[in-house]
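# Observations on the model geometry
Listed below are the residues making up each chain.
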Amino acid sequence: MEKTKRLLFLDDIRYPVEAYHYTKQDIFFRSDWHIVRNYEQFVNRILEKGLPEMISFDHDLADEHYLKQDSQEFVEKTGYDCAKWLVEYCMDNYLDLPKFYSHSMNPVGKENILSLLKNFKN
């Protein structure tokens, strides 16, 4: 039986080991990461497998997020949308939030994700 991957890595292009290069977080060397590339995969993975031990969030999950920095008209959902869904899911199911981190290179997006999750946790 395959060991369930206990860590969830949300990023449209990068792999965990790449996040290590600029975060210097050793956890990115672990081999039990499951990678999801978008909102749909993120939601489906948690619905199918339950909450992971930890989730590392990227904010920008599509090329368009890099193009129209000032526009709020993103069609593609971001890591922030995933974080909002996670909070709702935990509230609806009376679950504790898993550990979380954001390896996003978008400083504003990263701060938004972490603030949302920290506020819910408190």
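Throughout this document, residue positions are counted from 1 along each chain, in the order its sequence is written. The predicted origin of the model limits local features to residues at a pLDDT of at least 70 and limits the giving and counting of side-chain atom pairs to 80 or more, whereas totals for whole chains, interfaces and linings rest on all residues. Remark: hydrogens and water are excluded; side-chain values derive from all non-hydrogen atoms of the structure.

### A short note on the overall build of the protein
Selection criterion: Strands are runs of DSSP state E lasting at least 2 residues, helices are runs of H or I lasting at least 4, and numbering of each runs from the N terminus. Three labels apply to residues, based on accessible area from a 1.4 Å probe with only protein chains included: buried if under 20% of the type maximum, exposed if over 50%, partly exposed otherwise in between. Contact definition: two residues touch when any of their heavy atoms are within 4.5 Å. Areas reported as accessible are Shrake-Rupley estimates using a 1.4 Å probe. Residue values count occlusion only from the protein chains shown.
Looking only at helices and strands, one finds 5 helices and 4 strands in the protein. For the protein, the succession of helices and strands along the chain, N to C, is β-α-β-α-β-α-α-β-α. Evaluated residue by residue, the protein yields a buried proportion of 44% over its 122 residues. Summarising the internal contacts of the protein: among those between residues at least 6 apart in sequence, 66% fall at separations of at least 24. When the accessible surface of the protein is split by element, carbon and sulfur atoms take 50% of a total near 7,300 Å².

### Quick look at a nonpolar patch on the surface
Counted only if it meets this: Each patch is built from residues lacking any salt bridge and having more than 30% relative accessible area; the joining distance is 9 Å for like charges and 5 Å for nonpolar side chains (Val, Leu, Ile, Met, Phe, Trp, Tyr). Take a side-chain nitrogen of Lys or Arg and a carboxyl oxygen of Asp or Glu: if they are within 4 Å of each other, that pair is a salt bridge.
On the surface, Y15, V17 and F29 cluster together into a nonpolar patch covering about 300 Å² of accessible area. In this structure, Y15 sits in the loop between β1 (7-10) and α1 (16-23).

### Focus on the packing of aromatic side chains
Formally: Pairs were defined over the aromatic rings of Phe, Tyr and Trp, the Trp ring being its six-membered one, requiring ring centres within 6.5 Å. Orientation was assigned from the angle between planes: stacked under 30 degrees, edge-to-face over 60, tilted for the rest. Should the NZ of a Lys or the CZ of an Arg lie within 6 Å of a ring centre and within 35 degrees of the ring normal, that charge is described as sitting over the ring.
Summed over all chains, the structure comprises 8 aromatic pairs. Residues W85 and Y89 carry aromatic rings whose centres are separated by 4.9 Å and whose planes lie at 20 degrees to one another, so their mutual orientation is stacked. Taken together, the positions of W85 and Y89, both in helix α4 (residues 79-92) and 4 residues apart, correspond to about one turn of that helix. Note on Y89: relative accessible area 17%, which makes it buried. Each member of the aromatic cluster is reached from another via a ring pair, and the members are F9, F28, W33 and Y101. Positioned over the ring face of Y15 is R37, at 4.6 Å from the centre of the ring. Lying across the ring of Y39, K77 places its NZ or CZ 4.9 Å from the centre.

### A look at the sheet that holds strand β4 (residues 99-102)
Keep this limit in mind: When DSSP finds two or more bridges between two strands, those strands count as paired. The convention used is that axes are lines fitted to C-alpha atoms, helices contributing only their stretch in contact, and that angles between N-to-C directions extend from 0 to 180 degrees.
Judged by pairing direction, the sheet is parallel, and its 4 strands sit side by side in the order β2-β1-β3-β4 without closing on themselves. Both edges of this open sheet fall to β2 (33-36) and β4, since each of them pairs with a single strand only. The average angle at which neighbouring strand axes cross in this sheet is 20 degrees, direction not considered. Here β1 pairs with β2 via 4 bridges, running parallel. Following the sheet pairing, L8 is matched in β2 by H34. Across the sheet, helix α5 (residues 107-121) lies against β3 (54-57) and β4, angled at about 160 degrees from β4, the strand it touches most.

### Here's the deal with the pairing of β4
The alternating pattern of β4 places F100 and S102 on a buried face and K99 and Y101 on a face that is not buried. Direction of pairing for β3 relative to β4: parallel, over a ladder of 4 bridges. Following the sheet pairing, F57 is matched in β4 by S102.

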